[in-house]
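Listed below, chain by chain, are the residues.
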Number of protein chains: 2
Amino acid sequence: MGNPTDKLFENRYFLTPAECNPQGRMPITLLINRLIEVATLHANAIGIGYGTLVGRHETWVLSRVAVEMSRYPAVNDHYTIRTWISSINRLFSERDFEILDTQGTPIGYARTVWAVLNTDTRQGADISHMEWVADLIPADKVCPVDKPSRPRPVTGYAAHPYRFTYCDIDVNRHVNSSRYIELLLNQWSLSFHDEFRLTRFEIAYMREAHYNEEVEVRLQHLDNGVVRAELAHGDAPLCRALLSFSAR
Amino acid sequence: MGNPTDKLFENRYFLTPAECNPQGRMPITLLINRLIEVATLHANAIGIGYGTLVGRHETWVLSRVAVEMSRYPAVNDHYTIRTWISSINRLFSERDFEILDTQGTPIGYARTVWAVLNTDTRQGADISHMEWVADLIPADKVCPVDKPSRPRPVTGYAAHPYRFTYCDIDVNRHVNSSRYIELLLNQWSLSFHDEFRLTRFEIAYMREAHYNEEVEVRLQHLDNGVVRAELAHGDAPLCRALLSFSAR
């Protein structure tokens, strides 16, 4: 298990018009879905994926993400997502990513933290049996952006209510995590998004949400265009996020 | 232009878990997006597609759809969508579809009406110059479901307001037409959708909607589980639809 060629895994994509946001760019929701896809393909390729975990009634879950983009792929661009494992311990594995443009130039990076969930108990599982994948951590790959920070509660927030509807629910019978991010992005106007883009985005997924649950979108504006955000059902946070906008 | 092999065009797909609805089936929104995709590929292949129209400042727009499904593809199914032109006149072209399961057995049909829009004037264009494609209408293909009916206004309706947000807007800077359908489906609960499925769905697209526009979803329950629906901005209908539900 695990030979040197498995250390890096990459997949190439094409950005179709139907996938683009109103600014003709790749939306952050699609980018995070692609990170999950590439991580899943790599995990399958090295033997720690779905096939290995399903018999143990376990599944990988994405716990935290930090993405930093200097440029987003534009409509009809090809782009590549490359990933490698950067750490593993008894409870978590970290995985880093580079996003490359058609010429192979890095246009962004992502750092992620994953846990394994027991699908019967819905509790985190011990992943010590996978610690051999530490051999697959590349010695020479550095991800030049900060890890996701510790998710902190918002304070002094403005709150916006939302109730989850049928089309927010996915095949797993809970709210699709892309909807969390869309709910956050929807707090800004089209003209704001025309003027500013997300240069850094962090999200920590904390709890699943269900059909017809009413939540609050809570936003706290910090300095320098940074916004701390939380989706919460009463006292229970579903996710916490940090959004940094810059002029386009 | 146009040889007999061009009369039928088909594309094969795989239904991923991420694409499925909570019932583990293909959502009607994805099905209609696939119809548009296959129609676009066929139009390009026979020389009446994007490449031909863009120089004339014109583009195909889907005007009306009727879909009738005896069974929807399930998670991890392969399926095929096959299309052919069924009529063309000075203003409209009709195009029919079969949806086939892995074994090639028909599991549904669709009938569509298309117009060409002048992208400068936003008015319908004369398509007489394409009337040669009448030679590509197959002599022996019959689509065994009714055409979309004339869209009629709803009366005695219950109205539900909705305001379009940032993530409803697509790269064309108007509300994505899939969102119209999602707004309709969201008027029913998860448990309703668990119990019933759409066996026939008709929609007529009448007007584009824009960011921050407030609309009403209007529903009128007819007999036999049939619902007439309309999305409207004041007096102006954006779309009119007819939904027929049956027990799963």
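What you see is a predicted model, and the numbers here were worked out from it, not measured in a lab.

Rules of the game
- Residues numbered from 1 in each chain as written.
- Chains lettered and ligands numbered in written order.
- Predicted model: local features only at pLDDT ≥ 70, side-chain atom pairs only at ≥ 80, totals over all residues.
- Helix = DSSP H or I, 4+ residues; strand = E, 2+ residues; numbered from the N terminus.
- Rg over C-alpha atoms; globule rule 2.2 N^0.38 Å.
- Axes fitted to C-alpha atoms, helices over the stretch in contact; angles between N-to-C directions.
- Parallel < 35°, antiparallel > 145°, perpendicular 65-115°, else oblique.
- Left-handed = near helix turned anticlockwise from the far one by under 90°.
- Contact = placed C-beta atoms within 7 Å.
- Nonpolar A, V, L, I, M, F, W, Y, C, P; charged D, E, K, R; others polar.
- Pairing = 2+ DSSP bridges.
- Domains from an automatic or database assignment.
- Core = buried A, V, L, I, M, F, W, Y, C linked by C-beta atoms within 7 Å.
- Buried ≥ 20, exposed ≤ 12 C-beta atoms within 10 Å, placed from the backbone.

Q: Before we move on, could you go through the overall build of chain A and cite the residues and values that matter?
A: Summing up its helical and strand segments, chain A has four helices and ten strands in all. Counted from the first residue to the last, chain A has its helices and strands arranged as β-α-α-β-β-β-β-β-α-α-β-β-β-β. What you see for chain A is a C-alpha radius of gyration of 18 Å, in line with the 18 Å of a compact globule of 248 residues. With the C-alpha coordinates aligned to their principal axes, the bounding extent of chain A is approximately 50 × 45 × 35 Å.

Q: Tell me about the packing of helix 1 (residues 28–46) of chain A against helix 3 (residues 177–185) of chain A, residues and numbers included.
A: Angle between the axes and distance between the axes: these two values describe a pair of packed helices. All names here are of chain A. Two elements in contact, helix 1 and helix 3, have axes whose closest approach is 9 Å; the angle formed by their N-to-C orientations is 155 degrees. The angle between the axes of helix 1 and helix 3 places the two elements in the roughly antiparallel class. Between helix 1 and helix 3 the crossing geometry is right-handed. Seen from helix 1, the contacting residues are Ile28, Thr29 and Asn33; seen from helix 3, they are Ser178, Ile181 and Glu182. For the contact of helix 1 with helix 3, the class distribution of residues is two nonpolar, three polar and one charged.

Q: Quick rundown of the pairing of strand 9 (residues 226–233) of chain A? Include the residues and the values.
A: Residues and elements named next belong to chain A. Looking at chain direction, strand 8 (residues 214–221) and strand 9 are connected through six bridges and run antiparallel. Within the sheet, the bridge partner assigned to Arg218 lies in strand 9 and is Glu230. Counted between consecutive antiparallel strands, the loop separating strand 8 from strand 9 contains four residues, among which Asn224 sits at a positive phi close to 60 degrees. Sheet topology note: the strand 9/strand 10 (residues 236–247) ladder contains eight bridges and is antiparallel. Counted as the bridge partner of Ala232 is Pro237 from strand 10. In textbook terms, the turn of a hairpin is the stretch between consecutive antiparallel strands, and for strand 9 and strand 10 this stretch comprises two residues, one of which, Gly234, has a positive phi near 65 degrees.

Q: I'd like a rundown of the domain arrangement of chain A, residues and numbers included.
A: Residues and elements named next belong to chain A. When its domains are assigned, chain A resolves into domain 1 (4–136) and domain 2 (158–247). Each of domain 1 and domain 2 was reduced to a C-alpha centroid, and the two centroids are 21 Å apart. Facing 13 residues of domain 1, the contacting portion of domain 2 comprises 14 residues. Every element with two or more residues in the side of domain 1 that touches domain 2 is listed here: helix 1 and strand 2 (58–69). The leading source of residues in the side of domain 1 that touches domain 2 is strand 2, at eight residues. A breakdown of the residues in the side of domain 1 that touches domain 2 according to their chemical character gives seven nonpolar, four polar and two charged.

Q: Quick one: what's the story with the pairing of strand 2 of chain A, residue by residue and with numbers?
A: All names here are of chain A. With eleven bridges joining them, strand 2 and strand 5 (residues 106–118) adopt antiparallel strand pairing. Among the inter-strand pairings, Leu62 is bridged to a residue of strand 5, identified as Trp114. Where strand 2 and strand 7 (residues 196–205) come together, five bridges link them in antiparallel fashion. Bridge pairing in strand 7 places Ala66 opposite Glu202.

Q: If you had to explain the interface of chain B and chain A to someone new, which residues and values would you point to?
A: Residue-level contacts link 20 residues of chain B with 21 residues of chain A. Across the side of chain B that touches chain A, the residue classes break down as twelve nonpolar, five polar and three charged.

Q: Any details on the sheet that holds strand 8 of chain A? Residues and values, ideally.
A: Residues and elements named next belong to chain A. The sheet built from ten strands is open, its strands ordered 1-3-4-5-2-7-10-9-8-6 with antiparallel pairing. Of all strands in the sheet, those with a lone pairing partner are strand 1 (9–14) and strand 6 (158–163), marking the two edges. Neighbouring strand axes in the sheet, compared pairwise and without regard to direction, differ in orientation by 25 degrees on average. Helix-sheet contacts for helix 1 involve strand 1, strand 2, strand 3 (78–88), strand 4 (93–100), strand 5 and strand 7, and the interaxial angle to strand 1 is about 140 degrees.

Q: Before we move on, could you go through the nonpolar core and cite the residues and values that matter?
A: Core analysis: the biggest nonpolar cluster contains 56 residues, and B:Leu35, B:Val67, B:Leu184, B:Ile203, B:Leu231 and B:Cys239 have the highest contact counts within it. Top element by residues in this core is helix 1 (residues 28–46) of chain B. It accounts for seven residues. Looking at which domains feed residues into this core, each of domain 1 (4–136) and domain 2 (158–247) of chain B gives three or more. Each residue touching B:Leu231, except ones within four places of it in the same chain, is listed here: B:Tyr180, B:Leu183, B:Val215, B:Val217, B:Leu238 and B:Cys239. The next biggest cluster of nonpolar side chains, apart from the first, holds 50 residues, and it includes A:Ile28, A:Tyr79, A:Ile81 and A:Phe164.

Q: So what's going on with the sheet that holds strand 8 (residues 214–221) of chain B? Which residues, and what values?
A: All names here are of chain B. With respect to topology, ten strands assemble into an open sheet ordered 1-3-4-5-2-7-10-9-8-6, the strand pairing being antiparallel. Two strands bound the open sheet, and with one partner strand each, they are strand 1 (9–14) and strand 6 (158–163). Here the strands of the sheet are splayed against their neighbours by 25 degrees on average, with no regard to which way each runs. Here strand 3 (residues 78–88) runs beside strand 4 (residues 93–100); their pairing, made up of eight bridges, is antiparallel. Pairing of Ile81 across the sheet is with Ile99, part of strand 4. Those strands touched by helix 1 are strand 1, strand 2 (58–69), strand 3, strand 4, strand 5 (106–118) and strand 7 (196–205), and its axis lies near 140 degrees from that of strand 1. Against the sheet, helix 3 (residues 177–185) touches strand 6, strand 7, strand 8, strand 9 (226–233) and strand 10 (236–247), its axis set at about 50 degrees to strand 10.

Q: So what's going on with helix 3 of chain B? Which residues, and what values?
A: Every buried residue belonging to helix 3 of chain B is among B:Ser177, B:Arg179, B:Tyr180, B:Ile181, B:Leu183 and B:Leu184, and all of these are buried. If you follow the buried residues of helix 3 of chain B, they end up packed against helix 1, strand 6, strand 7, strand 8, strand 9 and strand 10 of chain B.

Q: Residue-level account of the environment of A:Gln187, with values.
A: Residue and element names in this part refer to chain A. Tracing the backbone shows Gln187 in the loop between helix 3 and helix 4 (190–195). Look at Gln187 and you get partly exposed, because 18 C-beta atoms sit within 10 Å. Beyond its immediate sequence surroundings of up to four residues, Gln187 is in contact with His160, Val217 and Leu219.

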